[in-house]
Amino acid sequence: MDRMIKNAYSMLSPSLIWLLLFLVIPVIYIGVISFTTNTGFGGILYEFSTEAYTAAFSSLYAKVLWQSLGWSLLATVLCLVIAYPFAYYIAHAGKWKNLLLLLVMVPFWTNLLIRLYAWIILLNNHGVINNLLMKLGIISEPLSLMYSPFAVIIGLVYGFLPFMILPIYASIEQLDRSYLEASEDLGASPVKTFLYVTLPLTFPGILAGIIITFVPAVSVFVVTDLLTGGKLLMVGNVIKDAFLIEMNWQLGSALSILLMVLVLLSIVIFMKFTSGKDRKFLI
Amino acid sequence: METMVQLDNVSKKFDESYAVENVSLNIKSGEFLTLLGPSGCGKTTTLRMIAGFEKPTSGSIYINGKKMDNIEPYHREVNTVFQSYSLFPHMTVFDNIAFGLKMKKVKKEEIEERVNKVLKMVQLADFGKRKPKQLSGGQQQRVAIARAIVNNPSVLLLDEPLGALDLKLRKQMQLELKHLQQELNITFIYVTHDQEEALTMSDRIVVMNAGKIEQAGTPYEIYEKPQTRFVADFIGETNIIGGNVTEIKENYAALEFGSQEVYVPNNNYQTGEKMFISVRPEKIHLHTVQQEGKISLKGRVKEKVYIGSLVKWIIDVGNGNEVKVQQSASDVEDLALDTEVFVSWNPDNSVVLKQ
């Protein structure tokens, strides 16, 4: 047994070293910086201070933080609503399955930044959508689709939808069809079978999808940068600006730590609420 | 007895080939009927059509007199015990069993009472709160049966339900299932490829091969009076002897078997006609001296297998022909290999087979 554990560690060591060097140490470093004193222009004085956190809790930054969480949450919910039927369809698409999966993954080959430019062309005042609607006579003046929370949500949903589709697809694909037959055999209509059997049994996929969509969505800054021209802010923008423009590393670090704590906390609460006994709400 | 399930000329085509072809069958209320055959013979497809998971390509199925053509599985008064059990892994044993009753909107108190009753019946009274994963294979099997019978189905469909259990447990469950069926008086339609299981449990066996019914009958009829070569060969061990009729003597037809002759009761056979007969190894006797009776074939001991209560012999009767003989161990002398022996049987114990 001891030998097995030893072997496991020796095989894991490359990834453990990687994680230690590029995740654990930087996070600890950020945590340390957040409590140092700012001497201006990126200066760090190793003297304990909570100044950065006081600033971070000021109404302006707090509002951006909540706003980011809210938008990402909404985007995650929308992704889930779109992704589940989509993944379900792919899982049952027979010979088209591989092609459809490939199409889901194609966007990964292009940077999100480039793909968001495409949305500028679609959304702006003289863009494809406005032009089309005006030509059809549905609207007389262009809608201001850009520079709005609407554009942010579109960007987030668009950018992170594949992250939701893939894990859900995997869990639906793995679902043993005989469970569904057993359910129908016991008198459950297709709708009830879906609610009582398919949904709970594919829940791990939903959970994974929610987490890997929500976490990157909440900290992304290119979406707001490009689709609102920096008019609307997510916490990612604020952190980036704190580090690169204001040169206030303490504030940037404090916001990063707060964001991390909030995201972890929401995941823990979410998992607590949805796993184990409490998942009975589905039945 | 009234008919519970009727299959009227049912066929099922997958792609271009028939999985089930023109099967007609009446299953009586309270009957334990087994569909028996090798894998791919169409027995499971037949069961799935009765459950409603597959739609017949042609023909109709009636349950309790009602035509099932457009009735979905969840509206049929049948329940299935699946080969892999298919217990819902996210529900407790209790919730698994209660599922069907919940779907029928039975009152909570009644659900509790009925579930606890079947749990007791399958001897799992204290296991209601466990998850299926925490049970052994045999216990999961019982839950699967409980989950089906709690709904008081008119017909219980069982798809190789004991296939995953070890031999000893399987034998025990065979008897328990049989008792359960007699106790509940539910019609059982049981699918298996295990002929011994079929013989042990069934009121009636339907032997299937290549999508068609070969023979339907009681276990006794199937074993003692197989009608086709397939049935004789598939059920138990047998000797199949094929040859031309050489002459008709009194009430018997003589059949050439290598350079020797065997006899079968005559039934308007013609000289020169080619026919096949089946003789079970346990109907055949072994002697060291020539016998007086009709049949006495000379041969040599080629192989001897001692299996405790029985001894199995393979006797080489010349011209490349072999006869399998089985006798209870206490009846036989110990014969060395290559000893000259004579095998004999009563011609009335042989069965003439349809091709």
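Residues numbered from 1 in each chain as written. Chains lettered and ligands numbered in written order. Predicted model: local features only at pLDDT ≥ 70, side-chain atom pairs only at ≥ 80, totals over all residues. Heavy atoms only, no water.

### Quick word on the overall build of chain A
Looking only at helices and strands, one finds 13 helices and 2 strands in chain A. Looking at chain A as a whole, 41% of its 283 residues qualify as buried. Counted over contacts in chain A with a minimum sequence separation of 6, partners at least 24 positions apart contribute 67%. About 16,000 Å² of surface is accessible on chain A, with carbon and sulfur atoms providing 73% of the total. For chain A, the distance from the average site of its 15 positive side-chain charges to the average site of its 13 negative ones is 6 Å. (Helix = DSSP H or I, 4+ residues; strand = E, 2+ residues; numbered from the N terminus. Buried < 20%, exposed > 50% of the residue type's maximum accessible area, 1.4 Å probe, protein only. Contact = heavy atoms within 4.5 Å. Areas by Shrake-Rupley, 256 points an atom, 1.4 Å probe, with all protein chains shown as cover. Lys, Arg positive; Asp, Glu negative; His and termini not counted. Charge placed at Lys NZ, Arg CZ, Asp CG, Glu CD.)

### Digging into the packing of aromatic side chains
Tallied over the entire structure, the rule returns 15 aromatic pairs over all chains. A ring pair is formed by Trp119 of chain A and Tyr158 of chain A, whose centres lie 5.5 Å apart and whose planes are at 65 degrees; its orientation type is edge-to-face. Taken together, the residues Trp119 of chain A in helix 5 (residues 112-123) and Tyr158 of chain A in helix 7 (residues 149-174) connect sequence positions 39 residues apart. Look at Trp119 of chain A and you get buried, because its relative accessible area is 18%. By relative accessible area, Tyr158 of chain A is classed as partly exposed at 28%. An aromatic cluster is defined as three or more aromatic residues linked by ring pairs; in this entry it consists of Phe35, Phe48 and Tyr53 of chain A. Its guanidinium or amino end placed over the ring of Phe276 of chain B, Arg229 of chain B lies 4.3 Å from that ring's centre, counting from NZ or CZ. (Phe/Tyr/Trp six-rings, centres within 6.5 Å; stacked < 30°, edge-to-face > 60°. Lys NZ or Arg CZ within 6 Å of the ring centre and 35° of its normal.)

### What to know about the domain arrangement of chain B
Residue and element names in this part refer to chain B. In terms of domain boundaries, chain B breaks down into domain 1 (3-234) and domain 2 (239-353). A straight line from the C-alpha centre of domain 1 to that of domain 2 covers 40 Å. In this assembly, 10 residues from domain 1 lie in contact with 9 residues from domain 2. Interface of domain 1 and domain 2: buried area, both sides summed, is about 790 Å²; carbon and sulfur atoms make up 51% of it. (Domains from an automatic or database assignment. Buried area = accessible area lost by both parts, 1.4 Å probe.)

### Side note on the sheet that holds strand 4 (residues 58-63) of chain B
All names here are of chain B. Read from one edge of the open sheet, 4 strands run 2-1-4-5, paired in antiparallel fashion. Of all the strands in the sheet, just strand 2 (17-28) and strand 5 (66-67) have a single pairing partner and so form its edges. Contacting strand 1 (3-14), strand 2 and strand 4, helix 1 (residues 43-51) crosses the sheet at an angle of about 120 degrees to strand 1. (Pairing = 2+ DSSP bridges. Axes fitted to C-alpha atoms, helices over the stretch in contact; angles between N-to-C directions.)

### Remarks on unusual backbone geometry
All names here are of chain B. Even without glycine at this site, Asp15 takes up a positive phi of about 55 degrees. One can find Asp15 in the loop between strand 1 and strand 2. Phi at Asn152 takes a positive value of approximately 45 degrees, unusual for a residue other than glycine. As for its placement among the helices and strands, Asn152 is situated in the loop between helix 4 (137-149) and strand 7 (155-159).

### A closer look at the interface of chain B and chain A
Listed as interface residues are 23 residues of chain B and, on the opposing side, 19 residues of chain A. For the pair chain B and chain A, the two sides together bury roughly 1,900 Å², of which 63% comes from carbon and sulfur. For chain B, the biggest contributors to the area lost against chain A are Tyr74, His90 and Met103 of chain B; these three give 34% of the whole. For the pair chain B and chain A, the interface holds 1 salt bridge. Measuring nitrogen to oxygen at the nearest pair gives 2.7 Å for the salt bridge that ties Arg48 of chain B to Glu181 of chain A. Inspection of the region where chain B meets chain A yields 6 residue pairs in polar contact (both at pLDDT 80 or more). Of all the secondary structure elements, the ones that give two or more residues to the side of chain B that touches chain A are helix 1, strand 6 (78-81) and helix 2 (93-103) of chain B. (Salt bridge = Lys/Arg side-chain N within 4 Å of Asp/Glu carboxyl O. Polar contact = N/O pair within 3.5 Å; in protein donor to acceptor, adjacent residues only side chain to side chain.)

### Comments concerning the environment of Glu110 of chain B
Examined against the element boundaries, Glu110 of chain B turns out to sit in helix 3 (residues 108-121). Look at Glu110 of chain B and you get partly exposed, because its relative accessible area is 36%.

### Structural notes on the UniProt feature "transmembrane region" (unreviewed entry) in chain A
Residues and elements named next belong to chain A. According to UniProt, the feature "transmembrane region" (unreviewed entry) maps to residues 12-35, 69-87, 99-122, 150-172, 193-223 and 251-271 in the numbering used here. Helix makes up 100% of residues 69-87 and strand 0%, and the two end C-alpha atoms of the span are 25 Å apart. Across residues 193-223 one finds 90% helix and 0% strand; the C-alpha atoms that close the span lie 39 Å apart. (UniProt positions renumbered as here; feature names shortened; annotations may be inferred.)

### Examining the confidence of the model for chain B
When the pLDDT values of chain B are averaged, the result is 91; 99% of them are 70 or greater. In the model of chain B, strand 13 (residues 260-265) of chain B stands out as the element of lowest mean pLDDT, 87, in contrast to strand 3 (residues 32-36) of chain B, which has the highest, 97. (pLDDT = per-residue confidence, 0-100.)

### Details of helix 10 (residues 203-219) of chain A
Residue and element names in this part refer to chain A. Under the 1.5 Å per step criterion, the end-to-end length of helix 10 is 25 Å for 17 residues, consistent within 8% with the ideal 24 Å. All of the buried residues in helix 10 are Phe203, Gly205, Ile206, Leu207, Gly209, Ile210, Thr213, Phe214, Ala217 and Val218. Of the surrounding elements, those touching the buried residues of helix 10 are helix 3 (59-91), helix 7, helix 9 (190-201), helix 12 (235-244) and helix 13 (249-274). (Expected span 1.5 Å × (residues − 1).)

### Quick look at the side chain of Thr46 of chain B
Checked against the element boundaries, Thr46 of chain B lands in helix 1. Assessed through its relative accessible area of 2%, Thr46 of chain B is described here as buried.

### Observations concerning the UniProt feature "domain: ABC transporter" (unreviewed entry) in chain B
UniProt's entry tags residues 5-235 of chain B with the feature "domain: ABC transporter" (unreviewed entry), counted in the numbering of this structure. Across residues 5-235 of chain B, the secondary structure splits into 36% helix and 27% strand, with the terminal C-alpha atoms separated by 25 Å.

### Focus on the sheet that holds strand 7 of chain B
Residue and element names in this part refer to chain B. Strand order in the open sheet made by the 6 strands is 6-7-8-3-9-10, with mixed pairing throughout. Each of the sheet's edge strands pairs with one partner strand only, and the pair in question is strand 6 and strand 10 (212-217). Across this sheet, the average inter-strand angle for adjacent strands is 20 degrees, counted without regard to direction. Both strand 7 and strand 8 (residues 187-192) contribute to a ladder of 5 bridges, which runs parallel. Bridging from a neighbouring strand, Val155 pairs with Thr187 of strand 8. Against the sheet, helix 5 (residues 167-184) engages strand 3, strand 7 and strand 8, with an angle of about 155 degrees to strand 8.

### Section: the nonpolar core
Ranked by size, the top nonpolar core spans 42 residues in total, and within it Leu116, Leu156, Ile168, Val220 and Leu227 of chain A carry the most contacts. Considering each element in turn, this core owes the most residues, 13 residues, to helix 7 of chain A. With sequence-adjacent residues up to four places away left out, Val220 of chain A is seen in contact with Leu112, Leu156, Phe160, Met234, Gly236 and Asn237 of chain A. Core analysis: the next-biggest nonpolar cluster, separate from the first, contains 39 residues, Met4, Leu7, Phe88 and Leu157 of chain B among them. (Core = buried A, V, L, I, M, F, W, Y, C linked by side-chain atoms within 4.5 Å.)

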